[in-house]
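An overview of the molecular structure
Next come the chains, spelled out residue by residue.
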Amino acid sequence: MFLSSLFRRSIQKEYFFGLLLKENKGIGYIISGEHKRLSLVAKKEFVFSNGWENLSENVDEILFKLENETKCRIEKTIFFLFSHLVDDKTKEIRRPQLQKIKELTKNLEIKPIGYIECFEAVSDYLQRQEGMPLTSILIELDDKSVDVFVYKGGHKIHNYVVSRTDNIVDDLEVVF
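Presented here is a report on the structure given in the accompanying data block.

Some details on the packing of helix α2 (residues 55-70) against helix α3 (residues 95-108)
Direction vectors running N to C along α2 and α3 enclose 50 degrees, while the axes themselves pass 9 Å from each other. With respect to α3, the element α2 is oriented oblique. As for the relative orientation of α2 and α3, their crossing is right-handed in sense. Contacts from Leu55, Ser56, Val59 and Asp60 in α2 reach Lys100, Glu103, Leu104, Asn107 and Leu108 in α3. Residue composition of the contact of α2 with α3, by class: four nonpolar, two polar and three charged.

So, the pairing of strand β3 (residues 37-47)
Both faces of the sheet carry side chains from a regular strand, because those side chains alternate between them. Here ten bridges tie strand β2 (residues 25-34) to β3, and the two strands are oriented antiparallel to one another. Within β3, the position partnered with lysine 25 by the bridge is valine 47. Where β2 hands over to β3, the hairpin turn is made up of two residues, of which histidine 35 adopts a positive phi near 50 degrees.

Looking at the packing of aromatic side chains
Considering all chains together, one arrives at four aromatic pairs under this definition. Where phenylalanine 46 meets phenylalanine 48, the ring centres are 5.7 Å apart and the plane angle is 50 degrees; that geometry is what we call tilted. Take phenylalanine 46: its relative accessible area is 10%, and that puts it in the buried class. For the pair phenylalanine 119 and phenylalanine 149, a centre-to-centre distance of 3.9 Å together with 15 degrees between the ring planes defines the contact as stacked. Placement of the pair is phenylalanine 119 in helix α4 (residues 118-130) and phenylalanine 149 in strand β7 (residues 145-152), with a sequence separation of 30 residues. The class of phenylalanine 149 is buried, set by a relative accessible area of 1%. Clustering of aromatic rings is evident, with ring pairs tying together Phe46, Phe48 and Trp52.

Thoughts on the side chain of asparagine 58
Relative to the helices and strands, asparagine 58 resides in helix α2. Here asparagine 58 falls in the buried class, since its relative accessible area comes to 9%. Within polar-contact distance, the side chain of asparagine 58 engages the backbone nitrogen of serine 49 at 3.0 Å. Those residues in contact with asparagine 58 that sit more than four places away from it in its chain are Phe46, Val47, Phe48, Ser49 and Gly51.

What about the sheet that holds β3?
Sheets are built from strands that pair by backbone hydrogen bonding, the pairs being arranged parallel or antiparallel. As summarised here, the arrangement of the five strands in space is β3-β2-β1-β4-β5, forming an open sheet in which the pairing is mixed. Across the chains shown, the open sheet's two edge strands, defined by having one partner strand only, are β3 and β5 (111-117). Direction aside, the axes of adjacent strands within the sheet are offset by 25 degrees on average. Pairing geometry for strand β4 (residues 76-81) and β5, over six bridges, is parallel. Note on β5: the bridge partner recorded for phenylalanine 80 is isoleucine 116. Sheet contacts for α3: β1 (14-21), β4 and β5; angle to β4, the most-contacted strand, approximately 160 degrees. Packing of α4 onto the sheet brings it into contact with β1, β4 and β5, and relative to β5 it is tilted by some 75 degrees.

Side note on the pairing of strand β6 (residues 136-141)
With six bridges connecting them, β6 and β7 associate as antiparallel partners. Residue pairing across strands places isoleucine 139 opposite valine 148, the latter belonging to β7. Between β6 and the antiparallel strand that follows it, β7, lie three residues.

Re helix α5 (residues 168-175)
Looking at α5, one finds that the buried residues are Asp171, Leu172 and Val175. The buried residues of α5 occupy one face: seen down the axis, they fall within an arc of 90 degrees. Along α5, the residues that are exposed and aim more than 90 degrees away from the buried face are Val169, Glu173 and Val174. As for α5, its buried residues are in contact with β6, β7 and β8 (155-163). Of the residues flanking the start of α5, the one acting as N-cap is asparagine 167, its side-chain oxygen 3.1 Å from the backbone nitrogen of valine 169.

The rules behind each value
- Every chain is numbered independently, its residues counted from 1 as its sequence is written.
- Only residues with pLDDT of 70 or above have their local features reported here, since the model is predicted, and side-chain atom pairs are shown and tallied only from 80 upward, although totals for entire chains, interfaces and linings are computed over all residues.
- Water and hydrogen atoms were dropped before computing side-chain values, which therefore reflect all heavy atoms in the structure.
- In this description, a line fitted to the C-alpha atoms serves as the axis of each element, helices being fitted only across the stretch in contact, and the angle between N-to-C directions of two axes falls anywhere from 0 to 180 degrees.
- Helix and strand assignments come from DSSP, with helices taken as H or I runs of at least 4 residues and strands as E runs of at least 2, each series counted from the N terminus.
- An angle below 35 degrees is read as roughly parallel, one above 145 as roughly antiparallel, one from 65 to 115 as roughly perpendicular, and any other as oblique.
- Crossing chirality is assigned from the near helix's rotation relative to the far helix, an anticlockwise turn below a right angle marking it left-handed and a clockwise turn marking it right-handed.
- Two residues qualify as a contact provided that any one of their heavy atoms is within 4.5 Å of a heavy atom in the partner residue.
- Charged residues are taken to be Asp, Glu, Lys and Arg, nonpolar residues to be Ala, Val, Leu, Ile, Met, Phe, Trp, Tyr, Cys and Pro, and polar residues to be all remaining types, Gly included.
- Strands are treated as partners if at least two bridges between them are detected by DSSP.
- Here the aromatic set is Phe, Tyr and Trp, taking the six-membered ring for Trp, and pairing holds for ring centres within 6.5 Å; pairs whose planes are under 30 degrees apart are stacked, those over 60 apart are edge-to-face, and all others are tilted.
- Each residue is assigned to one of three classes by its accessible area relative to the maximum for its type, calculated with a 1.4 Å probe on protein chains only: buried under 20%, partly exposed between the two thresholds, exposed over 50%.
- We define a polar contact as two N or O atoms separated by no more than 3.5 Å, with the added condition that, inside protein, one atom must be a possible hydrogen donor and the other a possible acceptor, whereas residues neighbouring each other in sequence contribute only through side-chain atom pairs.
- The arc in question is traced by the directions running from the helix axis to the C-beta atoms.

These values are about where atoms sit, not about what they do.
Structure below.
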């Protein structure tokens, strides 16, 4: 897994900006990596002022607040993305979002070191916590989408994406 291999190499304390991007909001994280351990240093949620159109300004503001709060300068960024923002076949970030992310990294002069889909991060975390392969159903909820992932023996065997409505039970019933 990308993140675990990244921090396995980290011997001295290093700080990263983690950025979870959803449809209309995000969460900024300051993450510390030291001696094969990750620590969450700070976290702030924010709402996009105009969808992804003002992404650079919104992220700049949250990064400024997090850097002031933690008294550390962040350059390296890890993007956390919901699966519907990534092409399932090519595993590349979808073009509209990729363009905005490239614009963001250029405008804020931050170095992107990679991305991870949220369900992969959760799956890895759960497997580490339990000490055994994951057999479970993970559900990812965003404003416009519901993504369902079925794991058996540590392997993702199915994933389903449905449009989200006002009734989450009906949305999930279609999948199950």
